[in-house]
Amino acid sequence: MVTIYDGKPGLSRRELLKRGSIGALLVISGSAVISPEQAWGLETSALKPETMATLIQVARDIYPHDQVPDKYYAIAVKGHDETAAKDPAHKELIEKGIADLDSKAGKGGYRGLGWEEQRVALLTEIEKTPFFQAVRGGLVVSLYNQKEVWPIFGYEGESYSKGGYIARGFNDIEWL
Amino acid sequence: MAAQFDLKNDGVVVIIGSGAGGGTLGNELAQKGIDVVILEAGARHEYEDFINDEWESFAQLAWKDKRTTSGDWRVAKDFPNLPAWIVKSVGGSTTHWAGASLRFQEHEFKTLSTYGKQAGANLLDWPISLAEMEPYYAKAEAKMGVTGTNDWPRLPGNNNFKVLKAGADKLGYKECHTGNMAINSVERDDRNSCQQTGFCFQGCKWGAKWSTLYTEIPKGEATGHLEVRPNAMVIKINHDAKGKVTGVVYADKDGKLQEQKARIVAVAGNSIESPRLLLNSQSSKFPHGLANSSGQVGKNYMRHTTGSVYAVFDKPVHMYRGTTMAGIIRDEARHDPSRGFVGGYEFETLSLGLPFMAAFLNPGGWGRSFTTALDHYDNMAGLWIVGEDMPREENRITLHADEKDEHGMPIADVHFDDHPNDTAMRNHAYKQASALYDAVGATRTFPTPPYPSTHNLGTNRMSEKAEHGVVNKHGQTHDIKNLFVSDGSQFTTGAAENPTLTIVSLAIRQADYIAAQMSARSI
Ligand SMILES: Cc1cc2nc3c(=O)[nH]c(=O)nc-3n(C[C@H](O)[C@H](O)[C@H](O)COP(=O)(O)OP(=O)(O)OC[C@H]3O[C@@H](n4cnc5c(N)ncnc54)[C@H](O)[C@@H]3O)c2cc1C
Ligand code: SF4
């Protein structure tokens, strides 16, 4: 089971150093990926937590939205851990895919590449692979179908319970 | 009270499908006292059960059974198993539809004579004219409550419409308004008026938009002459030694095969399933499928020349608020070959929610070019292009050689290649629409490829002569007197207009014909 822990107390800088920081924001602890800044953690069951951390970065590089916190990318890819737990072939697809990206990236691995362009160049190389297709294809729904991200994009979602928009700005445009 | 008919009752008219064509025909016949059984593959969800959520609603209503695709259309690459976005549910695609209800133009019933022979296209004149259709269009508009007809006011324009209108004015387009919509602009027919909810594609939870689900069907049921049997997937039409159809075989809700006897069978499963069923009903007498002596069953598949253009502005639009498609520009709908193509197209406002926008804006796309478009979702406006596409014999529905569905029925393959005329028209429309949004200050525009087909047409087409098509001017098959086609697959050509008003008008007309033939005892 993948669990997203919300509202974890932020780790102290000292603790963070003790656990070993991976990349800018995410910390691996035991079987979990933790974001000390944002106070959430994600526990993996089938995939290595390092793999999950890289997968989160890959997800952001595929659909980069600077205003969307990592947490939602983590939620968007956690399904791969669940599938991997049930399906060894899927586990191998993801682990190998990430390992391949790491080796292409050289020392420091994928997450060690500082610029998005560098990482995107690697993703472009593997764009046609089943690994990339599986990750990208899943994300279209798993990222954008999270109701919690909609407000970030200014999409208001369900409107029936509020009586539609007839009295809530269906024709409120002013700048034309 | 809804009727219930015995499986052995061979006096009933059996209609396959409860959407625009089937649901309307069922009610019209029931109103005349004719006993009707509608067999519908999908479940029955009433409008309170609809869901204001794109993917959840899709899961509830859409036809998701596997189909395959081939051809050069982009849908085959991006959505290889979802050629069409249509519905499997009581009410058919009239649950999902947006309500745009336009009459065809006179010349669109005579495309071969008007456009002349087009290489690579299988154009043909309809065996009916606009003049013959007009009384039925009027009946359909009255039934459906189409705005801008019968003194019903047009809907108020939402934000997306206001952007469209401002652009239309800048470009000098003359005919731009909030459309002819089968959506109540005032309370009528015991139904609400539109509350500008913006989820027209997900089923109207207010019942303001016309759907056979809560208009034709309950009205027909109230006569005591109509039974709608949901979860009944028809897999074969049976016939006797003389070649008359005698009933249909369907899988019931438990997957058990049943045979419903019939005096008349009318096929209205939409343009992929209707030919699939006729082809699958082949027998030693009809080795190429029912009503297929012309070889045209499944051919001439049309889907309209479509595409969308979305544009981002430096200020908010909130296009998703309010009626999804209440906005139209009709100036490009004319036939004017000087533009480099025959036939014409309409511009209609369109909005998708964020989840569908992500899936359809540029399928397969990723990276910043893609995501920065979505970053400004609230500053987006959008329109849909719907234009006449060329019928081609090669564009067709066939039975898959080896893949079968859960009932053992071969699944459908949908082959489609754009005709050069389609491509020229789409490119023209992309250019005009981008110019329109640029004129109101768009900072970026997105020519968006066609979605899986919402308009599916032409695969059992009407023709004067039996060798050119499948049905006559009443939708009666040329080959079998008591077998009818009652959906958009009858269309000889597609016209520039959204098809449903014409499907409904043809169904009303067909009901008159069937009733007359029944009382004359000729069927
Ligand atoms: C999102 C969307 C928006 C649209 N907007 C518009 C619009 O604004 N204007 C417009 O004119 N049109 C619009 N359309 C198109 C419109 O919905 C269709 O043209 C119309 O509903 C087609 O009518 P039909 O009777 O041919 O088929 P449908 O309405 O699709 O009904 C067919 C029914 O038959 C059932 N069926 C199929 N095969 C079998 C079988 N073997 N046994 C039993 N039942 C079967 C299906 O489950 C379905 O319920 C839209 C469609 C969609 C999806
Ligand atoms: S906008 Fe109007 S027609 Fe569309 S779903 Fe809402 S109430 Fe119904």
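Analysis parameters
Within any chain, residue numbers begin from 1 and follow the written order of that chain's sequence. In the order they appear in the text, chains get letters beginning with A and ligands get numbers beginning with 1. For a predicted model such as this one, the threshold for reporting local features is a pLDDT of at least 70, and the threshold for listing and counting side-chain atom pairs is 80 or more; totals across whole chains, interfaces and linings nevertheless cover every residue. Hydrogen atoms and water are omitted, and side-chain values are computed over all heavy atoms in the structure. UniProt positions are given in the numbering used here, feature names are shortened, and annotations may be inferred rather than shown by experiment. The helix and strand labels rest on DSSP assignments: H or I over at least four residues marks a helix, E over at least two residues marks a strand, and numbering proceeds from the N terminus. With C-alpha atoms as the basis for the radius of gyration, the globule rule is written as 2.2 Å multiplied by the number of residues raised to the power 0.38. Only protein chains enter the accessibility calculation, which uses a 1.4 Å probe. A residue is then buried if its area is under 20% of the maximum for its type, exposed if over 50%, and partly exposed in between. Working rule for contacts: check all heavy atoms of both residues, and any pair within 4.5 Å makes them a contact. Note that His is not counted, nor are the chain ends; the positive residues are Lys and Arg, and the negative ones are Asp and Glu. To locate a charge, take atom NZ for lysine, CZ for arginine, CG for aspartate or CD for glutamate. Put simply, buried area is the surface a 1.4 Å probe can reach on two separate parts but cannot reach once they are joined, added for both. Each salt bridge in this description consists of a side-chain nitrogen of Lys or Arg and a carboxyl oxygen of Asp or Glu lying within 4 Å of one another. Pairing of N or O atoms within 3.5 Å defines a polar contact, subject to two protein rules: one partner must be a possible hydrogen donor and the other a possible acceptor, and residues neighboring in sequence count only if both atoms are side-chain atoms. Three classes are used: nonpolar for Ala, Val, Leu, Ile, Met, Phe, Trp, Tyr, Cys and Pro, charged for Asp, Glu, Lys and Arg, and polar for all others, with Gly counted as polar. Whether two strands pair depends on DSSP finding at least two bridges between them. A fitted line through C-alpha atoms represents every axis, and for helices the fit uses only the stretch in contact; the resulting angles, taken between N-to-C directions, go from 0 to 180 degrees. The nearness test applies per residue and asks whether one of its heavy atoms lies within 4 Å of the molecule or strand. Computed by Shrake-Rupley with a 1.4 Å probe, the accessible areas treat only the displayed protein chains as cover when residues are assessed. Look down the strands so they point away from you; if the path from the first strand over the helix to the second goes clockwise, the crossover is right-handed.

The name recorded for chain B in an unreviewed UniProt entry is GMC family oxidoreductase, from Mesorhizobium jarvisii. Under the Sequence similarities (unreviewed entry) heading, UniProt states for chain B: "Belongs to the GMC oxidoreductase family."

In the nomenclature of an unreviewed UniProt entry, chain A corresponds to Gluconate 2-dehydrogenase subunit 3 family protein from the organism Mesorhizobium jarvisii.

1. Points about the overall build of chain B
Of regular secondary structure, chain B possesses 12 helices and 17 strands. On C-alpha atoms alone, chain B measures out to a radius of gyration of 22 Å, which is about the 24 Å that the 2.2 N^0.38 rule sets for 523 residues. The C-alpha extent of chain B, read off along each of the three principal axes, is 70 × 50 × 45 Å. Per-residue burial over chain B gives 68% buried out of 523 residues. Within chain B, counting contacts between residues at least 6 apart in sequence, those at least 24 apart form 75% of the total. Averaging the coordinates of the 54 positive side-chain charges in chain B and doing the same for the 61 negative ones gives two points 2 Å apart.

2. Looking at the interface of chain B and chain A
At the junction of the two partners, chain B supplies 44 residues and chain A supplies 40 residues. Of all residues in chain B, the largest losses of buried area upon contact with chain A belong to Arg321, Trp366 and Arg368 of chain B, amounting jointly to 21% of the total for that side. The tally of links from chain B across to chain A stands at 6 salt bridges. Where chain B touches chain A, the interface holds 26 residue pairs in polar contact (both at pLDDT 80 or more). Secondary structure elements with two or more residues in the side of chain B that touches chain A: helix H2 (54–61), helix H6 (159–171), helix H9 (354–360) and helix H10 (368–375) of chain B. If one sorts the elements of the side of chain B that touches chain A by residue count, H10 of chain B sits on top with 5 residues. Partitioned by chemical class, the residues of the side of chain B that touches chain A number 20 nonpolar, 14 polar and 10 charged.

3. Overview of helix H8 (residues 270–280) of chain B
Residues and elements named next belong to chain B. Of all the 11 residues making up H8, 11 are buried; the element is thus mostly covered by neighbouring parts of the structure. Buried within H8 we find Asn270, Ser271, Ile272, Glu273, Ser274, Pro275, Arg276, Leu277, Leu278, Leu279 and Asn280. On the buried face of H8, the contacting elements are strand S1 (13–16), strand S6 (233–239), strand S9 (264–267), strand S14 (397–404), strand S15 (410–415) and strand S17 (483–485).

4. Comments concerning the sheet that holds strand S4 (residues 176–177) of chain B
Adjacent strands of a sheet form backbone hydrogen bonds with each other and so pair up, either parallel or antiparallel. All names here are of chain B. With antiparallel pairing, 6 strands are arranged side by side in an open sheet as S4-S11-S12-S13-S10-S16. Each edge of the sheet is formed by a strand with only one pairing partner; in this case those strands are S4 and strand S16 (444–448). Relative to S16, strand S10 (residues 305–312) runs antiparallel, the two being bridged by 5 bridges. Looking across to S16, one finds that Val309 is bridged to Pro447. Sitting on the sheet, helix H11 (residues 420–439) is in contact with S10, strand S11 (328–329), strand S12 (345–349), strand S13 (380–387) and S16, with an inclination near 20° to S10.

5. Concerning the site of ligand 1
Residues and elements named next belong to chain B. Gly21, Glu40, Ser93, Asn270 and Thr500 are the nearest of the 39 residues found near ligand 1. Between ligand 1 and Gly488, the relevant distance is 3.4 Å, taken from an oxygen atom to a main-chain nitrogen or oxygen of the residue. In isolation ligand 1 offers 1000 Å² of accessible surface; the protein chains occlude 98% of this area. The set of elements that each furnish at least two residues to the shell around ligand 1 consists of helix H1 (20–31), S6, H8 and helix H12 (500–519). Considering only residue class, the shell around ligand 1 consists of 18 nonpolar, 17 polar and 4 charged.

6. Some words on the pairing of strand S2 (residues 36–39) of chain B
All names here are of chain B. Because side chains alternate across S2, one face comprises the buried residues Val36 and Ile38, and the other comprises Val37 and Leu39, equally buried. Bridge count between S1 and S2: 4 bridges; the pairing is parallel. Along S2, the bridge assignment pairs Val14 with Val37. At this point the chain moves from S1, through H1, to the parallel S2, and the crossover so formed is right-handed. Relative to strand S5 (residues 226–229), S2 is paired through 4 bridges, and the arrangement is parallel. Bridge pairing in S5 places Val36 opposite Leu226.

7. Description of the UniProt feature "domain: Glucose-methanol-choline oxidoreductase C-terminal" (unreviewed entry) in chain B
Cross-referencing UniProt, the feature "domain: Glucose-methanol-choline oxidoreductase C-terminal" (unreviewed entry) maps to residues 391–507 of chain B in the present numbering. Between the end C-alpha atoms of residues 391–507 of chain B the distance is 22 Å, and the span holds 24% helix and 19% strand.

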